[in-house]
Amino acid sequence: MSDSLLHIENLRVAFRHGGRNAVAVHGASLDVGAGEVVGLVGESGSGKSLTCRSVIRMLPPEGAMSANQIVFDGHDVLAMDRAALRAHRARSVGMIFQDPFSCLDPTKRVGEQIAETLRVNAGLDRAAAKSQALTLLEDVGIASPDRRYLSYPHELSGGMRQRVMIAIAVATKPKLLIADEATTALDVTTQAQILSLIQRLRREIGMSVLLVSHDFGVIAQVCDRVAVMYGGYVVEFGPVEDICTRPQHPYTRALLDSIPSLESAGQRVRRAGIPGQPPSLGEVTTGCPFVDRCTYASDPCRTMEMVMLEVGRGHTSACPVTIGNRS
Ligand SMILES: Nc1ncnc2c1ncn2[C@@H]1O[C@H](COP(=O)(O)OP(=O)(O)OP(=O)(O)O)[C@@H](O)[C@H]1O
Ligand SMILES: [Mg+2]
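Below you will find a few notes about this structure.

Rules used throughout
Residues numbered from 1 in each chain as written. Chains lettered and ligands numbered in written order. Predicted model: local features only at pLDDT ≥ 70, side-chain atom pairs only at ≥ 80, totals over all residues. Heavy atoms only, no water. Helix = DSSP H or I, 4+ residues; strand = E, 2+ residues; numbered from the N terminus. Buried < 20%, exposed > 50% of the residue type's maximum accessible area, 1.4 Å probe, protein only. Contact = heavy atoms within 4.5 Å. Core = buried A, V, L, I, M, F, W, Y, C linked by side-chain atoms within 4.5 Å. Near = heavy atom within 4 Å. Polar contact = N/O pair within 3.5 Å; in protein donor to acceptor, adjacent residues only side chain to side chain. Areas by Shrake-Rupley, 256 points an atom, 1.4 Å probe, with all protein chains shown as cover. Nonpolar A, V, L, I, M, F, W, Y, C, P; charged D, E, K, R; others polar. Pairing = 2+ DSSP bridges. Axes fitted to C-alpha atoms, helices over the stretch in contact; angles between N-to-C directions. Phe/Tyr/Trp six-rings, centres within 6.5 Å; stacked < 30°, edge-to-face > 60°. Lys NZ or Arg CZ within 6 Å of the ring centre and 35° of its normal.

### Overview of the overall build of the chain
Inference 1: For the chain, the count of helices and strands is 11 helices and 15 strands.
Inference 2: Summarising its shape, the C-alpha atoms of the chain cover approximately 65 × 55 × 40 Å along the three principal directions.
Inference 3: Every one of the 327 residues in the chain was classed for burial, and the buried ones make up 49%.
Inference 4: A separation of at least 24 residues holds for 64% of the contacts in the chain among residues at least 6 apart in sequence.

### A word on the nonpolar core
Inference 1: Within the largest apolar cluster, 59 residues are counted, with the highest numbers of intra-cluster contacts made by Ile166, Leu211 and Phe216.
Inference 2: Here the element with the most residues in this core is helix α7 (residues 158–170); it accounts for six residues.
Inference 3: Grouped together as the second largest cluster of nonpolar side chains are 35 residues, Leu50, Val93, Met95 and Phe97 included.

### With respect to the site of ligand 1
Inference 1: Taken together, 15 residues lie near ligand 1, and Ser44, Gly45, Lys48, Glu62 and Gln98 sit nearest.
Inference 2: Within the backbone of serine 46, an N or O atom sits 3.2 Å from an oxygen atom of ligand 1.
Inference 3: Protein contacts shield 71% of the accessible area of ligand 1, which totals 640 Å² for the unbound molecule.
Inference 4: The element contributing the most residues to the shell around ligand 1 is helix α1 (residues 48–55), with three residues.
Inference 5: Grouping the amino acids of the shell around ligand 1 by side-chain chemistry returns five nonpolar, six polar and four charged.

### Quick look at the side chain of arginine 202
Inference 1: On the secondary structure map, arginine 202 appears in helix α8 (residues 188–205).
Inference 2: Among the polar contacts listed, one links the side chain of arginine 202 to the backbone oxygen of glycine 35, at a separation of 2.8 Å.
Inference 3: Setting aside anything within four residues of it in sequence, one finds arginine 202 in contact with Gly35, Glu36, Val37, Met207, Val209 and Asp224.

### Quick look at the sheet that holds strand β11 (residues 233–239)
Inference 1: Ordered in space as β7-β8-β9-β3-β10-β11-β15-β14, the eight strands form an open sheet in which the pairing is mixed. Both outer strands of the open sheet, β7 (93–96) and β14 (309–312), are each paired with one neighbouring strand and no more. Averaged over all adjacent pairs, the angle separating strand axes in this sheet is 20 degrees, with direction ignored.
Inference 2: In the sheet, β11 pairs with strand β15 (residues 315–317) via two bridges, with the strands oriented antiparallel.

### Points about the packing of aromatic side chains
Inference 1: Using the criterion set out here, one finds three aromatic pairs in the structure.
Inference 2: Judged by centre distance (5.0 Å) and plane angle (80 degrees), the ring pair of tyrosine 230 and phenylalanine 290 falls under edge-to-face. Of this pair, tyrosine 230 sits in strand β10 (residues 225–230) while phenylalanine 290 is found in the loop between β13 (268–269) and β14, placing the two residues 60 residues apart along the sequence. The same class applies to tyrosine 230 and to phenylalanine 290, which are both buried.
Inference 3: Among the aromatic residues, ring-to-ring pairing joins Tyr230, Tyr251 and Phe290 into one connected group.
Inference 4: Seen from the ring of tyrosine 149, lysine 130 lies directly overhead, with NZ or CZ sitting 4.9 Å from the centre.

### Quick word on the pairing of β10
Remark: a regular strand shows side chains that alternate across the two faces of the sheet.
Inference 1: The element β10 is largely enclosed, with a buried count of six among its six residues.
Inference 2: What you see with β10 is no split at all: Arg225, Ala227 and Met229 on one side and Val226, Val228 and Tyr230 on the other are buried throughout.
Inference 3: Pairing of strand β3 (residues 37–41) with β10 involves four bridges; the strand directions are parallel. Paired with glycine 39 across the bridge in β10 is valine 226.

What follows is the structure in structure tokens.
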């Protein structure tokens, strides 16, 4: 097992909602090793983006965050002052946000946006930044970089915009790349290209990746380990192969069952999703948050404490009911 690069312990994020504190992330813990790709998977609203944003302490201003620890490369992120935090965001962690439009400036040429990152965050002069930006455009697989350097974001396809976002995120050769739903809006072919680009850059730069997706198929393809989130909790965490072949938490099982599969007739079909709805923000629940949708649920599940239990080597699950049950 590689050395730990990122360690998040007992992360909690809450919002003021209807005059009360609504908890969006409930004590999530996870770690990412040096050079490792860790996935975060779960339905919409499960707390994936908030968990990612906690790594750079960039939460919505109305959110309140606390944690026992957030340690990055030996540094205590929670104790960083403004200058240390600025450097951490600018150089150590590259982030691809969920909506590329919200991060690219529509009024600036994309090449200049990459060059600006290099000038501001890596201290390059104007000429060096331009030449490095052109190299980065080529590195992320954009044809005719000289011409594309001059394009505005709206002149690019979704896949190309995402490549530009990746170029900006890896410009300073960060130790960690956080890719929040980086491929969700793209067609299957472009999605595969972007995933292999992330894997190539990971090898070349030697960076770790925290990859967010609601699609287990994507996670299974590229991750070493995966944390499964549900209702603001990490409910299962472990090696991706182990989790795909012997998922322990009923929610993980249900998610895996909803992956599109190839039918014998050769037609791609989407199986029925998981019946029911996840708890909504601010809904006060006790016990396991999945209880109302769970086929294994019994009365104790309504009052149990959510504790991660060892179910295999480096593999933990929050469900005591399914331990030892391999179905
Ligand atoms: N600024 C905010 N104000 C109030 N609630 C918020 C805010 N940002 C997020 N939340 C709530 O926190 C919960 C977790 O949000 P988060 O964005 O982390 O989910 P997610 O797993 O990334 O979902 P998605 O797959 O849709 O991106 C959701 O219920 C969301 O509504
Ligand atoms: Mg999100």
